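# Analysis of the macromolecular model
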Amino acid sequence: MNWALLLPGYLVTGLAFGAFTLDLIVPRLSRTVLVYGGAAVMAAIGVFIIVANDGETSRFAGGILIFDTYSAFFFALFVILAAVTILGSSQFVSSIDSPGEFVALLMMATVGAMGMAAAGELITAYISLELLSFSLYILASYTWKERRTNEAGMKYILLGAIASAFLLLGITYIYGLTGDTRYDEVASGLSTLSPSPGLIIALAMLTAGLGFKVAAVPFHMWTPDVYEGAPIPITAYLAAASKAAGFALLIRLVAVALEPVALFWDWVFILLAVLSMMLGNLVAILQSNLKRLMAYSSIGQVGYLLLGIAALGADDPAKPAAGILIHSVSYAASTMVAFMVLLAVWQQTGKEGVRDVAGLARRNPFLALALTGALFSLAGFPFFIGFASKFYLFTVVATAGTRFLVPVGIAIFASLISLYYYLNIVRQMYIEQPEEGAGPIRVSRTMWLLILGLLVAIVAGGLYVRPLAEAAETAAASLFGGE
Amino acid sequence: MTALLDMIPIGAEQAWLVAALPFAAFVILAIGRLQILPQAASWVSVAAIGIAFIGSLGVLGDYLANGEYVGKIVWLSAGGSEFGLSYIVDSLSVMMIILVTSVSLAVQVYSLEYMKGDERFGWYFAAHSLFAASMLALVLTGSLLLLYISWELVGLCSFLLIGFYWERRSAAEAAKKAFITTRFGDVGLLIGIIVAYLSTGTFDIREVIASLSGGEAALVAFLLFLGAMGKSAQFPFHIWLPDAMEGPTPVSALIHAATMVAAGVFLVARMFDLFVEAPGVLWFVAVIGLVTAILAGLLALGEIDFKRILAYSTVSQLGLMMLALGAAGLSANVEHRDPSGGMFHLLTHGYFKALLFLTAGVALHAIHASSASIYQVRGLRIGAPLTAAALIIGSLSLAGIPPLSGFFSKEGILAPALEIETLPGYLLFFGAVIASFLSALYMTRLALVVAQGGPAPPVESHDGEGSHAAVLHDAPPLMSVPLVALGALAIFLGIVLAFGWDFIEFLTHGHREFHFDMLLALASTLTAVAGIGVGLNYWNNRERVDDGVLEAVAGPLKLVQNRFYIDAAAQWVIDRIVLVFAGFIREVDRRVVNDAGVDGPAARTVDAGQLLRGMQTGFVFNYALVFTIAAVIIVAVAVLAETV
Amino acid sequence: MTVLEFMLILGAALFCLGLYGVLARRNAVLVLMSVELMLNAVNVHLIAFARYVVGTEAIAHVLIIFVITIAAAEVGLALAIVLRMFRNWETVNLDRISTLQQ
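Starting afresh in each chain, residues are numbered from 1 along the sequence in its written order. Labels follow written order: the first chain is A, the first ligand is 1, and so on. Owing to the predicted nature of the model, reporting of local features is limited to residues with pLDDT of at least 70; listing and counting of side-chain atom pairs is limited to 80 or more, with chain, interface and lining totals taken over all residues.

## Remarks on the overall build of chain B
The number of helices and strands found in chain B is 28 helices and 4 strands. Counting over 644 residues, chain B shows a buried share of 53%. Secondary structure counts use DSSP, requiring at least four H or I residues in a row for a helix and at least two E residues in a row for a strand, with both numbered from the N terminus. Our exposure labels follow a C-beta count within 10 Å of each residue's own C-beta, placed from the backbone: buried means 20 or more other C-beta atoms, exposed means 12 or fewer, and partly exposed covers the counts in between.

Below, the structure written as structure tokens:
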């Protein structure tokens, strides 16, 4: 039995309330305690999850939450991403009024993300998703005195509300059609149904609602604006964790609950995937703001991951599921490095344009090197984790069926397009001259260590991806009750 | 001895460690370069290569006990197929890893002293480690893909090391030249690998060899040989090697003995069974080898720069190895179609050429110059007897005087041509004899002038510190140890491997044994003695006799001095075509792609990205509309698809 | 027309009404009210399904309670952000606010 995995959720919730309370009692809470303590405890919980997972599948309260290796995989990912974000905000939190609240909200978001991964039932999934979203609505507009941030928060919450209405309608229809909201019951209900308009509405609404969460084209419109407007640590969390949480929910939902109709519905995911990777990578070329550029680049990455979702309807769904897991981790790690470098540059210069990193190699060689590594990894250069994960994902999708060959071809083509703007940034950093009077950029020791650690991870993962691949394969297999 | 080797904990299964260790050293040095003291950095590098050397001996022990081993580190398994690094432990790779690690070790120990005080001391060792690591990966790998990657890495490292003193224009130029020249050949290699993959569906070297035949085999072999020609400096790609002398002298020793140039010969040997399928290509290999050997021999006679003479001698010896490989594949005796002759010479040549370069290094180190004519370092015997002895041993070995190691391997060079047993085969043989004669001649000139000679004239120092009298002296102990070790190998290796422990048997898996042909040995010795005799007679106790030679054979030698205009032609190609083309591409990128696509507001209309970007109006209700329409379209299309 | 059909049509009409409001209104507060309408349409659907299609009414009731709660929280949060918007721009008109675009 795997009840130990119940603990991390309670622990993180408790931590969040602790931070809320501390913020009330001690108005000027020591940054050291909050940031280093919070990050350390989160990281410890991450280690605990990895150690405590015994590979069994446990169903909590009749299956509304399922604790298996798949859940553990995402729990660990979310908790570690939260720790990284908290650590990365060490300087940011001292510029805001209530740092405790900021950290607490990040932890609440993490609880929501964990719920999305473990949910075995639609209501639980929905509530977890809202818990994540609500925390992020607040965080995305945290520096509300700034117009840009305020606008980002407004757009995020309005569009998010609409998307959640669509999602709820879809859940309602699924409930109406099958009489239950538990994934396995939904699956057995759906297997007796033939495609009907009601079912199509249900599936389309679910796709729209979740497509919004993971920022799939054409439900992506909020992404660039919110990424650009939100504070950088939150943009990083949005890009890495929130997106992964969306996929955590989507994989279990499609692979378990919608399994009987997955084949019937896979063209929609293929369509969204192709649109996402083309639009994301094409529009990214034209961006001059780095956060916005990363937003479009992340839309492109979502396209690759959606291909994996589409392939879940194939004979052996564990393989594409593993592919998505690996690429989620790889994407999250690489994108974190990129955002942490942007954060470091922004904290000193207050600038975040593509032109503002010109000559970064001279202003701070380490940051330039780290950003180069992150971008190479995102572009899928060999010997970075991005290459291994993309390669894995594309291979499993391409072997899932002949109808995936053309989409995978498009994905490879889209990756080549993405090289253009990634290399453009690298060129800015190494070849272009820095602005007049631009001095060296200093990095705090915390930030330096954090970026170095992540960089080592993406390089080590690229050199030897097997441990990650095996973990992902075990996790994916546990979804289907195997091994 | 085998028992001793078995005690080493690295066996065939861990052979990849041999390449991984120097690579790890490189990573440590490259990342921690600024943090680690240079002295500590160098020791990390030396320790890594030292352990790798011991490890390669362990691999040898395991190989002798258990035979061949093909290992694979699975890097990624996706969708049922596995991808990984496969490595082959067979006689060829075992021989190569021992050669590479031992020469690298000797050179690195030597460099500890030679490079002392250099401002980029740490970087030097980092690049050195990467160089060794990529060469080791190249010889161990079982996959053409990884072979190509390490091949390019080797090229990159040579670029870095040849251009080590990049402030000096000539060094930067030489590095560029080496890089671009070998790149011409690499294009052939890459196409060859792609063709092999397309026709067999695999990158696995053994499977490729086994499944290719006929025209395809000939095409692939030819394309691969183009790559080998570039790397091994075969005519007409030989031009980069002499210029590569711009790097620090120990680097030259490494490039010439173990890494870089050996790669081409190794590639032909590794793919030998594929070449055997294509006699036409084998003839091409042999003839190119012969032309290179004779040409480079002549060029060496026309050169007065110490290191450049050695460089040309390398080119000519590589030509002889290619000749031997090509001829061996054509042998009338099917049993004798194996690369053992050429590889034996590669091994012995590796050690005595490293020795020669290191002696050159001692001389140059003593006069604080990075290059010098042989007349500037005359009289080595007086000031530096040990170095002079090493130089003479190396020269005699290269000339092929018994019982030095070069003598035994030279036989393996000459014999295959005879075994073709046709008239063109005999012509090849005579060509090889002429080349050997030339080798003996230029080495005599070199050794005579440098070792004997009168006291050297004042030296015009290259670093512009004015002229000062050169004081030639022997090297400090740290530099002498490698000299002595390599000298011992140059003397004894041949005889040990011929009679003590049969190297040919080892290389051919017991198909053949070392065969000592009295007649051939006599012919080879006579050629060497003749060369030395002529040389002694001509150059003994003369001052700057080259002028006399120039007058005597003015026409041909002028050609020689211009290095057959090939150099100028290649320079022209590089300057006028490659670089102009590169500049053109850069301009296109700058003006068209960047300005129009990214910066130029004027040309913002046709871009697909632009159109899509226009959708992003910034108004939240527009976003909601897109969202809704998308959902509706999905429903509509799905319903339509269901009902139709 | 059975009661079920009537309820579903009512739910769909409410949903579309809400959607229309979201798309057509420029006032942020009115957009929020329209979203409320969409969520209530979902509740109507839920009641209809629970009563007339499937026997597991408890699930629907639980979901409805959550929907109401979450809708309330959402509006509270959104209004706070809209209030900030008013302070920053002195308008709640959505077509005045598009600094982030393209």
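The rest of the description comes next.
## Some details on the packing of helix α4 (residues 91–114) of chain B against helix α11 (residues 249–257) of chain B
All names here are of chain B. Geometry is summarised by axes, namely lines fitted to C-alpha atoms with helices restricted to the contacting stretch, and by angles between N-to-C directions that run from 0 to 180 degrees. Close contact between α4 and α11 brings their axes to 9 Å; oriented N to C, the two are set at 170 degrees. When the axes of α4 and α11 are compared, the pair comes out roughly antiparallel. Taken together, the residues of α11 that come into contact with α4 (itself represented by Val103, Ser104, Val107, Tyr110, Ser111 and Tyr114) are Pro250, Ala253, Leu254 and Ala257. All amino acids are sorted into three groups, where Ala, Val, Leu, Ile, Met, Phe, Trp, Tyr, Cys and Pro are nonpolar, Asp, Glu, Lys and Arg are charged, and the leftover types, Gly among them, are polar. Residue composition of the contact of α4 with α11, by class: 8 nonpolar, 2 polar and no charged. Note on terminology: angles under 35 degrees are roughly parallel, angles over 145 are roughly antiparallel, angles of 65 to 115 are roughly perpendicular, and the others are oblique. What counts as a contact is two residues whose backbone-derived C-beta atoms lie within 7 Å of each other.

## Looking at the interface of chain B and chain A
How big an interface is tends to be stated in terms of accessible area lost as the parts join. With 27 residues of chain B at the contact, the number on the chain A side is 35 residues. Only β1 (69–78), α26 (566–599), α27 (608–614) and α28 (620–643) of chain B provide two or more residues apiece to the side of chain B that touches chain A. It is α28 of chain B that contributes the most residues to the side of chain B that touches chain A, 12 residues altogether. Taken together, the residues of the side of chain B that touches chain A sort by class into 18 nonpolar, 7 polar and 2 charged.

## Comments concerning helix α19 (residues 405–419) of chain B
Each turn of an α-helix holds 3.6 residues, which means side chains three or four residues apart point in the same direction. All names here are of chain B. Expected helix span is taken as 1.5 Å per residue step, with the number of steps being one fewer than the number of residues. The terminal C-alpha atoms of α19 lie 23 Å apart, and with 15 residues this matches the ideal 21 Å at 1.5 Å per residue to within 8%. Extensive coverage of α19 is indicated by the burial of 13 of its 15 residues. Positive phi shows up at glutamate 421, right after α19, with a value of about 60 degrees.

## Focus on the interface of chain A and chain C
In this complex, chain A contributes 31 residues to the contact, which on the side of chain C involves 33 residues. Elements that contribute at least two residues to the side of chain A that touches chain C include exactly α5 (122–140), α6 (147–178) and α9 (222–229) of chain A. Considering each element in turn, the side of chain A that touches chain C owes the most residues, 17 residues, to α6 of chain A. Residues that form the side of chain A that touches chain C fall into these classes: 16 nonpolar, 8 polar and 7 charged.

## Side note on the environment of leucine 15 of chain A
All names here are of chain A. Structurally, leucine 15 can be placed in helix α1 (residues 6–25). By the C-beta count within 10 Å, which is 22 here, leucine 15 ends up buried. Residues leucine 15 and methionine 108, spaced 93 residues apart in sequence, show a C-alpha to C-alpha distance of 9.0 Å.

## Brief notes about the nonpolar core
What makes a nonpolar core is a set of buried Ala, Val, Leu, Ile, Met, Phe, Trp, Tyr and Cys residues, with links drawn between C-beta atoms within 7 Å. Counting 268 residues, the largest nonpolar core has Val337, Met340 and Val341 of chain A as its most contacted members. For valine 337 of chain A, the residues in contact, after removing those within four places along its chain, are Ala370, Gly373, Ala374, Ile451, Leu454, Leu455 and Ile458 of chain A. Core analysis: the second largest hydrophobic core is formed by 210 residues, Val59, Leu99, Ala133 and Tyr148 of chain B among them.

## Here we look at the environment of phenylalanine 413 of chain A
Residue and element names in this part refer to chain A. In this fold, phenylalanine 413 is placed in helix α17 (residues 405–430). According to the C-beta neighbour criterion, phenylalanine 413 is partly exposed, with 13 such atoms within 10 Å. Sequence separation between phenylalanine 413 and methionine 277 is 136 residues, and the spatial gap between their C-alpha atoms is 9.4 Å.

## Remarks on the packing of helix α14 (residues 279–302) of chain B against helix α15 (residues 306–329) of chain B
Geometry of a packed helix pair, given as the angle between the helix axes and the separation of the axes. All names here are of chain B. Interhelical geometry of α14 versus α15 gives an angle of 160 degrees and a closest axis separation of 7 Å. Here α14 is positioned roughly antiparallel relative to α15, judged by the angle of their axes. α15 is crossed by α14, and the crossing has left-handed handedness. Looking at the contact of α14 with α15 residue by residue, the classes come out as 19 nonpolar, 8 polar and no charged. Crossing handedness follows the turn of the near helix against the far one: under a right angle anticlockwise gives a left-handed crossing, and clockwise gives a right-handed one.

## A closer look at the confidence of the model for chain B
Residue and element names in this part refer to chain B. Averaged over every residue, the pLDDT of chain B is 77; residues scoring 70 or more account for 82%. The predictor reports its confidence for every residue as pLDDT, a score running from 0 up to 100. Per-element confidence in chain B is highest for helix α12 (residues 261–270), whose mean pLDDT is 88, and lowest for strand β4 (residues 467–468), whose mean pLDDT is 42. Across residues 458–469 the pLDDT falls below 50, and counting only partners more than four positions away or on other chains, this stretch makes 19 contacts in the model. Taken over the whole predicted complex, pTM reads 0.67, whereas the ipTM for its chain interfaces reads 0.96.

## Thoughts on unusual backbone geometry
Residue and element names in this part refer to chain A. At the junction of valine 217 and proline 218, the peptide bond is cis and its omega measures out at 5 degrees in the coordinates. Within the secondary structure layout, proline 218 lies in the loop between α8 (197–214) and α9. One non-glycine residue, alanine 215, adopts positive backbone phi at about 65 degrees. With respect to the element layout, alanine 215 can be found in the loop between α8 and α9.

## Let's talk about the environment of alanine 127 of chain B
Residue and element names in this part refer to chain B. You can see alanine 127 is positioned in helix α5 (residues 121–140). C-alpha separation for the pair alanine 127 and leucine 29, spaced 98 residues apart in sequence, amounts to 9.0 Å. Setting aside its immediate chain neighbours within four residues, alanine 127 contacts Cys157, Leu160 and Leu161.

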